[in-house]
Amino acid sequence: MAGLAASGSNPDVELLYDINGLAKDAPHWFDRVMEFVGEYGILLATVLLVLWCWLSVRRRGGEEAAPSVAALVWAPLAAGVAVLINVPIRGFVERPRPFVDHDGLEVLVSGKTDFSFVSDHATITMALAVGLFLAHRKFGVVGILLALFEGFCRVYMGVHYPTDVLGGLALGTAVALLLSPLAMALLTPLTKAIERSPRAGWLIRSRKAAAYDGQGAVVPGARREAGAEERDLAA
């Protein structure tokens, strides 16, 4: 892998220089923004997106609340599993960072001494995004767009080749999708049990959603309003 990357005619290297060249032409303040966004910002934004989706799911309630929350729980677990799988991959490929083999790159983050393939950042954000997509399509699409932008940022910063990013996106997707049937089979009964709990049920449904189903009908056993009781008596 390292030998291929060293070839000047390799499209991977050419695309690296094209994208990283944007950092040379950009203002210093913009590079600092991209450095923060690529290193921390998108990861934080994706985590916040997962939390936002959880709030939306529990507020909406309905029969899909427990499976959706199970998928949201799976999202960070999938990211963790994907990173663990990446450890032996990096050790096997042993691809140096781009700036080790290529001169003239604008490296925005110093101190990167580990191997390059595959990108942990791309792996984590895509695994989170795919898990989010399993829970909620619209939130998931936003998460996938964030993951793609994360990959662009890593090349822009000069710390990864484009193929490092593609490998990370593929790894995160594969882990989140291929292991999701097993994860959902294990997590959904757990979230349904939590949903039935008087104390922890709010983690799955808000109190308002727990009192009413998705069509606004009163759930059996839920407290009815005084006005509704009076109308029933009058009838």
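Everything below is about the structure shown above.
(A) Representation of the pattern of salt bridges in the model. For the structure on display, the rule yields 9 salt bridges. Across the pair R90 and D114 runs a salt bridge, and its minimum N-O distance is 2.6 Å. Of this pair, R90 sits in helix α4 (residues 65-93) while D114 sits in the loop between α5 (98-101) and α6 (120-135), placing them 24 residues apart in sequence. Note on R90: relative accessible area 9%, which makes it buried. Judged by its relative accessible area of 36%, D114 is partly exposed. The salt bridge partner of E195 is R205, with a shortest N-O separation of 2.5 Å. Here E195 is found in helix α9 (residues 180-196), whereas its partner R205 is found in the loop between α9 and α10 (207-211), with 10 residues between them in sequence. Each of R90, R97, D114 and D120 takes part in salt bridges that share partners, so that together they form one network.

(B) Summary view of the side chain of S68. Relative to the helices and strands, S68 resides in helix α4. By relative accessible area, which is 7% here, S68 ends up buried. Not counting chain neighbours up to four residues away, the residues in contact with S68 comprise V57 and A135.

(C) Structural detail: the packing of α6 against helix α8 (residues 162-178). Their axes nearest at 7 Å, the elements α6 and α8 cross at an angle of 35 degrees. Here α6 runs over α8; the crossing is right-handed. Together, A122, T123, M126, A127, V130, G131 and L134 of α6 and V165, G168, L169, L171, G172, T173, A176 and L177 of α8 make up the contact between the two elements. Taken together, the residues that form the contact of α6 with α8 break down as 10 nonpolar, 5 polar and no charged.

Cut-offs and rules
Residues numbered from 1 in each chain as written. Predicted model: local features only at pLDDT ≥ 70, side-chain atom pairs only at ≥ 80, totals over all residues. Heavy atoms only, no water. Salt bridge = Lys/Arg side-chain N within 4 Å of Asp/Glu carboxyl O. Helix = DSSP H or I, 4+ residues; strand = E, 2+ residues; numbered from the N terminus. Buried < 20%, exposed > 50% of the residue type's maximum accessible area, 1.4 Å probe, protein only. Contact = heavy atoms within 4.5 Å. Axes fitted to C-alpha atoms, helices over the stretch in contact; angles between N-to-C directions. Left-handed = near helix turned anticlockwise from the far one by under 90°. Nonpolar A, V, L, I, M, F, W, Y, C, P; charged D, E, K, R; others polar.

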